[in-house]
Structure formats: structure tokens, C-alpha cells
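Structure assessment
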Amino acid sequence: MVGSKDDPNERDAGVVDEIVAYVTSTPPRSFFLFAGAGSGKTRTLVAVLRKLTGIGPGSAQIESKPAAGDLDLRFARELRARAQTIRVITYTKNAALVVTGRLGNNDLTQVATIHSFCWDLIAGFDDDIRDALLALNALALEKAREAATGRKKGPTDKDKKTIAEFEAKAVALSATQRFTYSPDRKRYGDGALSHAEVLSVAAWLLKQKPTLRRILRDQHPVILIDESQDTMKSVLDALLEVVAEAPSRLMLGLLGDHRQRIYMDGHADLPSIIPPEWATPKLEMNHRSQRRIVDLINEIWDSDLEGRTQSKKAVRQHPREEKSSGLVRVFIGGTAATPEEKLRREALCESAMEAATGAAEWRPGNPGHKILALEHALVARRGDFLQVFEALALLDPDSVRPDATGDTSGPAAVQVLLREMIDLADCVNGGQVSSDFAVTEVLHRYDRLLNLPADGEARAQQLKAYQRAVEDFAAACSNPSATVREVLAPIVQSSLFEPDKRLLAAFNDTRPPPDAPESRQKEGVENRLARGWHTLFASPWSQIRRFKTYLSGNSHLATHQVVKGSEFEHVMVVMDDEDAGGFLFAYDRLFGSPLGDSDVKNVETHKETSIDRTLRLLYVTCSRAKESLALVLWARDAGQALAYAQKNKWFLPAEVQPIPE
Ligand SMILES: Nc1ncnc2c1ncn2[C@@H]1O[C@H](COP(=O)(O)OP(=O)(O)OP(=O)(O)O)[C@@H](O)[C@H]1O
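Here the structure is a predicted model, which is why all the values come from computation and not from measurement.

Definitions and limits used
- Residues numbered from 1 in each chain as written.
- Predicted model: local features only at pLDDT ≥ 70, side-chain atom pairs only at ≥ 80, totals over all residues.
- Heavy atoms only, no water.
- Helix = DSSP H or I, 4+ residues; strand = E, 2+ residues; numbered from the N terminus.
- Rg over C-alpha atoms; globule rule 2.2 N^0.38 Å.
- Buried < 20%, exposed > 50% of the residue type's maximum accessible area, 1.4 Å probe, protein only.
- Contact = heavy atoms within 4.5 Å.
- Areas by Shrake-Rupley, 256 points an atom, 1.4 Å probe, with all protein chains shown as cover.
- Lys, Arg positive; Asp, Glu negative; His and termini not counted.
- Charge placed at Lys NZ, Arg CZ, Asp CG, Glu CD.
- Core = buried A, V, L, I, M, F, W, Y, C linked by side-chain atoms within 4.5 Å.
- Domains from an automatic or database assignment.
- Pairing = 2+ DSSP bridges.
- Axes fitted to C-alpha atoms, helices over the stretch in contact; angles between N-to-C directions.
- Parallel < 35°, antiparallel > 145°, perpendicular 65-115°, else oblique.
- Left-handed = near helix turned anticlockwise from the far one by under 90°.
- Nonpolar A, V, L, I, M, F, W, Y, C, P; charged D, E, K, R; others polar.
- UniProt positions renumbered as here; feature names shortened; annotations may be inferred.
- Disulfide = S-S within 2.5 Å.
- Near = heavy atom within 4 Å.
- Polar contact = N/O pair within 3.5 Å; in protein donor to acceptor, adjacent residues only side chain to side chain.
- Phe/Tyr/Trp six-rings, centres within 6.5 Å; stacked < 30°, edge-to-face > 60°.
- Salt bridge = Lys/Arg side-chain N within 4 Å of Asp/Glu carboxyl O.

**Some remarks on the overall build of the protein**
Assigned secondary structure in the protein consists of 27 helices and 17 strands. Taking 2.2 N^0.38 as the reference for a compact globule, 661 residues should give roughly 26 Å; the C-alpha atoms of the protein span a radius of gyration of 28 Å, in line with that estimate. With the C-alpha coordinates of the protein rotated into their principal frame, the extents come out at 80 × 70 × 65 Å. Residues counted as buried form 49% of the 661 residues belonging to the protein. A sequence separation of at least 24 residues applies to 75% of the contacts in the protein between residues at least 6 apart. Put simply, the protein shows about 31,400 Å² of open surface, and 50% of that area lies on carbon and sulfur atoms. The averaged location of the 91 negative side-chain charges in the protein is 3 Å from the averaged location of its 85 positive side-chain charges.

In C-alpha cells:
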């Protein structure tokens, strides 16, 4: 971040030194960094850490001459002498890896997610953890009892069950001696804390136990929180209290962008809770996007929409000098079109973008542009893996929706399809095995050659059976219309891999599947699973790979929420309230459609509305685009939305078009 302040691209050049000065001054000063999309928050964070610790890229040495005088050098020495570290809290594991990757070897900083941070703080204090869990459980029990006694007709069966569960949990907790947390492997039991429990226990203990607050301050005089807009409210509040108690011994630095808050865990209006004595440095640049896109996101945030309750407080962004162009189009059509019609006409929008930009990346089907839809099922339809997605969602709904943490890997029971069989399919070309060596490597990878019979004859027989299975598999998976069942059959029959017992039982179950429940009817777990397995086995095998690509985050399709933090050359945002079927977001209302009843009520009581949430989500999606951006709105009243968009300050009249027929 060195450069002349006269260079318009360097208008933020002083912010790193400014932040370093807040940390190293006596007493230190906590800060809230105002930073918008594409402003280079991670780069700023890494530069601050390097200066504070005196450790440059790839070196474990203290640099001889830090730029901002020797205060930071002294700061680093003191950290080391007191065996302290700077703590950096990120939102995802991946973000922690990005920061540590760029930072290099740096023993004076500890970068981790909020879950790891909280667990590091409380691990081993088993009696305290038990106290916290019992107190939180007692609160929940009290709430449940209040709700039950408040009912006119007396407690319902569900009330009684809930109360009994809390009472039983209190007994079990009292008897638990040791508590564990295993974020990667799902471990259950009274002593195993969930993600959410680790956070609420840490927040509770920080508030209640002075010793823990002292330990925190002794270990880390500085805590920097990235993506603070989405950081769990209770933990943030607890940390704010610890800082307020002894501001000279612990300082907080909050980085993030309240315009990009998309999860409900964070504070509704972070800037408004920042104490007045805190510093508020600002990043004003947007290094990512072309001018047209930066102008649009500035306008989006600045708009006076009916139903908006959130403050417009923010820094207006400037694009880089050389990014003086960029292209935006908004296409609007009627949401009554069928799903197939919508897909066909969205492809026409992509062609229109190709014509307008001259970029081949916009050609329909070209992965050079990213398509964002609101719901996973809408992505699955656009990515042609809807049947597999729906089947797997019946088996385990939580495991099929990739999120920002990157932890979702599909239902445990079908891993053989997503890992072993996809790896084996990679060794197949045109119905034939392309490399025996590659097949052997896959079998080794999954330990399938470890337990071959010792006897020579039996061993040869087994290998022959494996070979036949691989050939049958190769033939089956090369048939473009093969079903999952057909490709799975040679694997199951030969035991080439070891599928999950649940998958095997379902594969061998020849009964017809139960009917789907009537809408709004509850369905038993067994029926749901049976339908899931049946749909999965009847699905096209080709969809499995597309689903896997989506799950791993490598697809050109994604949901609006999951792309937070990413950037793409060209972006198409599909907005369709009708298809999404939710009530949290309402794109139509950003285009002049009247407010709903709950929005009207929320405006009166100054609570968050669907307008607030949708505006932030639109801010996130639009700001992902570097070069060009297409907004596709399927509106309830397309004529009205078109007229609204033509007059709206967000767009130039020529940028607004009907979705081609
Ligand atoms: N000082 C800089 N000079 C040039 N390019 C920069 C600078 N800072 C960041 N960039 C580039 O700008 C883009 C946006 O940066 P980055 O992704 O770190 O922003 P961010 O603040 O995390 O954005 P968001 O909150 O929108 O995800 C990246 O491509 C990055 O390499």
C-alpha cells in the first residue's frame, strides 16, 4: 500500500499505516473499518499484520526497517516477549487459509474461524462449559414453560415433549465430565458440542467469568475480525464488553461490509453499535469492477426505496482509473412462463450479452460467465442435475446445499457415487478403460487391493472379477442415457468398492416407492428416504458429476449467497420470487411492486424488511462482476417492472430490455 496520494488509484494508500498506528498507540484504539465490495479488505488485513509483526512474506525474520517508524517494531518485540499473538477471526475456513497463505510463516498471528477461536478459548474448562450449557438449557426450558402456560387450551403434546427433552438434557449435562468439539467429523453425544453451542458457550462464559476475560487479554492484545457484519451477534457483543472493560489491554478491529450482511447471525446495523471513541478508517476504492458496475452498486445502496429501514450510511466507492468502462443490462419478463421457457429465454439473454459485449464467454453454455440463482433447486434446474439434487435432498437435505464454509459433501450414504465411482469414471473414455494404471491407482486410493486373497488362484479369480466389473462399469457409464442404477450394478455385484450399507439395502429393495405426500402433509422419514433412493437410482448417471461439480464450488452456477467473497469476469443474476417461493427476499419489490403486509408492519416498527434483505443480496451479487453484469428479472407484472426500471436511477434507459421471446 505504498504510493502517492495524488494517484487516484492510491487514495487508500494511507489506511494500513493508519490502522497500524491505532494498534501501536498508547493506549491502543479499537476501530471499525468501512470497506465496500472489492476494496481489498484481505490485502489490507495482510499488510497490517505484516507491519505489526515485522514479518514479511516468506521470512521469519523481523524486517530491519518498518515503514511507520519503530513503534510497530517495538510492538512485535513486546508480543514475542509476552508470548502473545494477534488473533484474526475469519468467517470461513477457506478465508483463514487465504489469509495464512498470503501471510506466510508468521508465528505472531493466529488466524482461524470464529468456531476455532471460541473452542481454543474454552477447551479444557469442562466445569465452566457444563455451567454454561446448564444455564443456557435452563433459559430455553423457562421459555418453553412460559410458552406452554400461555396457551389458552393448555400445553400441547409438543410443548410437553419439548419441556421433557430440556429436563432430560439438564440431567445428562450434569453427569457429563468431559466436553469435546469436532468440527470436521460429526461426533454426537452429551459431551460433543455443536458449532452453535461452542459459540454460545464462549459468549456466555466471556460475559460471566472474569478469569476467562483475563486469559483472553493476556493471550491476545489485538483481535481482528473479518466479515464482522456476519459474525455471530452474541460473541461480538461479548468481545465488545471485554474491550469496554479494559480498553488499554485489548483492542478490537472490525473489518467487513455491513452492505454485504447476508446471514441472520450478524448485527442488524453494525455501524450504529460502534462506540464513539473508536476510530473509523475508510477504504474508498473498488479495485475489482469497471466504473459502470461500481456506479450501479453505489446507486443501489443509495436508493430511497419504499420499505427500506436500514441506514444508507456507507462510503461511496471509486473505481480504478483504468477501469473506465463495463456493461450492465437488465432483462425483464413475466414469471408466469414455464420453467423450460425460462431456461430457453435466459439463454437468449446470454446471447444478447454476447452481442453487446463481444465476449465469447457470454455464449450460452460457456462457463466463462457465472449464473447466480436464488435457490439451490433453481441452480440444479439450470445446471441440468435437478433429479439427482431432489433425490439427494430427500436423503439428507442439509448435505446437498453448498454454503460459504465449503463443508458440504453430499449425503454420507452415497459417497461411493460421488468419490469412488466418479474417480473410476475419470479413467474411462468412449466405453473403454483408457489406462489400466489409472484404474489400479483408483483401487489403491480406496484400499481395494489390500485384502485380496493370499492364495494365488483365488487372487487371480478375484482380480479377473474386478476387471470384468470395471469393463461393465465403463460400458454402462459411457451410455449417455444410463441411469444411476445401471452404472452402480456392476460395482455392487462385484464388490469392487464397498458401498454404504444403507445404499446396498435400498439397491436391493425392489418394492415400488411410496407416493409423495399431498402438499402441506407431513411425511414419515422412512417414506421420504424410500422415495429419495428410488428417485436417485432412476436418475441419469450423467447428473451425478454435474451435481458433484456444483457441490465442490467449481460449477459456473451458484446461489446468490454462496458467492460472497468471490469475483468473476461476467455475471448473470437471475431473480425470480415466484420460483424461489421464499418470503425472505422479494426482488419484485425492488422494481416497484407493492409491499407485503409484514413489510408494512415492519416499517412501522422499524424492523428489517424484505426490501432491506433483498437490497443487500443484490448489492452482493452485482458487486461480484468485474467486467459485465446481466440482471434477469422474472416479474409478476413485467410491464410495470419494465416501466419502473426505465425511470429508476440505477439504469440508463438503453440498459433496460424485455427478456427476448
Ligand atoms: N491495492 C490494490 N491494488 C490493485 N488491486 C487490488 C488492490 N486491492 C485489491 N485488489 C484486487 O481487487 C479485487 C478485490 O479485492 P478483494 O477480493 O480482496 O476485495 P474484498 O474487499 O475482499 O471484496 P468483497 O468484500 O467484495 O469480497 C481483487 O482482484 C484484488 O486482487
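There is more to say after this.
**Things to note about the nonpolar core**
Within the largest apolar cluster, 114 residues are counted, with the highest numbers of intra-cluster contacts made by Leu417 and Phe591. If you tally residues by element for this core, the top one is strand β16 (residues 625-635), at eight residues. Composition of this core by domain shows at least three residues from each of domain 3 (291-383 + 555-658) and domain 4 (390-394 + 406-549). Beyond its immediate sequence surroundings of up to four residues, Leu417 is in contact with Ile422, Val484, Leu488, Leu503, Leu536, Trp541 and Ile544.

**Re the sheet that holds strand β3 (residues 86-90)**
Sheet architecture is open: five strands sit in the order β1-β6-β5-β3-β4, paired in parallel fashion. Unpaired on one side and paired on the other, β1 (31-32) and β4 (109-113) mark the two borders of the sheet. Looking at chain direction, β3 and β4 are connected through five bridges and run parallel. Among the inter-strand pairings, Ile86 is bridged to a residue of β4, identified as Thr109.

**What about the domain arrangement of the protein?**
Segmentation of the protein into domains returns domain 1 (8-121 + 203-285), domain 2 (123-199), domain 3 (291-383 + 555-658) and domain 4 (390-394 + 406-549). Computed over C-alpha atoms, the centres of domain 3 and domain 4 are 39 Å apart.

**Side note on the sheet that holds strand β17 (residues 656-658)**
Pairing in this open sheet of six strands is parallel, and the strands run β14-β11-β15-β16-β10-β17 from one edge to the other. Of all strands in the sheet, those bounded by a partner on one side alone are β14 (557-559) and β17. Within this sheet the neighbouring strands show an average axis-to-axis angle of 25°, counted without direction. Both strand β10 (residues 327-334) and β16 contribute to a ladder of eight bridges, which runs parallel. For Gly333, the partnering residue across the bridge sits in β16 and is Trp634.

**Side note on the pairing of β16**
For β16, the buried fraction is high: 10 of the 11 residues fall into the buried class. The sheet contact formed by strand β15 (residues 568-575) and β16 spans seven bridges and is parallel. Bridge pairing in β16 links Met572 to Ala630.

**Thoughts on the packing of helix α1 (residues 15-24) against helix α2 (residues 41-53)**
Helix packing for two helices is described by the angle between their axes and how far apart those axes are. Axis separation between α1 and α2 bottoms out at 9 Å; the angle between their running directions is 50°. It follows that α1 is oblique to α2 by the angle criterion. Seen from above, α1 lies across α2 with right-handed handedness. Judged by residue contacts, Val15, Val16, Asp17, Ile19, Val20, Val23 and Thr24 of α1 engage Thr44, Ala47, Val48, Lys51 and Leu52 from α2. Its residues placed into classes, the contact of α1 with α2 shows eight nonpolar, two polar and two charged.

**Description of the UniProt feature "binding site: ATP" (unreviewed entry) in the protein**
According to UniProt, the feature "binding site: ATP" (unreviewed entry) maps to Ala35, Gly36, Ala37, Gly38, Ser39, Gly40, Lys41 and Thr42 in the numbering used here. Tracing the backbone through its elements, the reader meets Ser39 in the loop between β2 (34-35) and α2. Its location among the elements puts Lys41 in helix α2. Owing to a relative accessible area of 15%, Lys41 belongs among the buried residues under this scheme. In this structure Lys41 touches Ala35, Gly36, Leu255, Gly256, Asp257 and Gln260, once residues within four positions along its chain are discounted.

**Re the state of the cysteines**
Counted by the stated rule, this structure contains zero disulfides. Left without a disulfide partner, Cys622 is nearest to the cysteine sulfur of Cys349, which lies 15 Å away.

**Digging into the site of the ligand**
The full set close to the ligand counts 14 residues, and Gly38, Lys41, Arg288, Glu567 and Arg624 are the nearest of them. Interatomic distance of 3.1 Å between a side-chain N/O atom of Gln260 and an oxygen atom of the ligand. Out of a free accessible area of 640 Å², the ligand has 78% covered by protein chains. For the shell around the ligand, a count of residues per class yields one nonpolar, seven polar and six charged. No fewer than three residues from each of domain 1 (8-121 + 203-285) and domain 3 (291-383 + 555-658) sit in the shell around the ligand.

**Some remarks on the environment of Asp509**
Residue position: Asp509 is located in the loop between α21 (501-507) and α22 (525-538). Put simply, Asp509 and Ala202 are 307 residues apart on the chain and 47 Å apart in space, counted from C-alpha to C-alpha. Of note is the side chain of Asp509, whose polar atom sits 2.9 Å from the side chain of Arg511.

**Re the packing of aromatic side chains**
Within this structure, the stated rule accounts for 13 aromatic pairs. On the numbers, 6.1 Å between centres and 80° between planes, the contact of Tyr446 with Phe497 is edge-to-face. With Tyr446 in the loop between α18 (436-445) and α19 (456-477) and Phe497 in the loop between α20 (484-494) and α21, the pair connects residues that are 51 residues apart, well separated along the chain. Given the relative accessible area of 19%, Tyr446 is considered buried.

**A few points about the pattern of salt bridges**
Scanning all chains against the criterion turns up 44 salt bridges. Taking the shortest distance from any N to any O, the salt bridge between Arg316 and Asp302 comes out at 3.4 Å. Of this pair, Arg316 sits in the loop between α12 (291-302) and β9 (318-319) while Asp302 sits in helix α12; the two residues are 14 residues apart in sequence, bridging distant segments of the chain. Taking relative accessible area as the criterion, Asp302 reaches 34% and is therefore assigned partly exposed. With its nearest N and O atoms 3.5 Å apart, the salt bridge here joins Glu608 to Arg613. A network of salt bridges, in which partner residues are shared, links Arg261, Glu608, Arg613 and Arg616.

**Remarks on unusual backbone geometry**
The phi angle of most residues is negative, glycine excepted, and most peptide bonds adopt the trans form. In the segment running from Thr26 into Pro27, the intervening peptide bond is cis, with an omega of -10°. Within the secondary structure layout, Pro27 lies in the loop between α1 and β1. The phi dihedral of Asp447 falls on the positive side, at around 55°, and the residue is not glycine. Structurally, Asp447 is set in the loop between α18 and α19. Residue class for Asp447 comes out partly exposed when judged on its relative accessible area of 46%.

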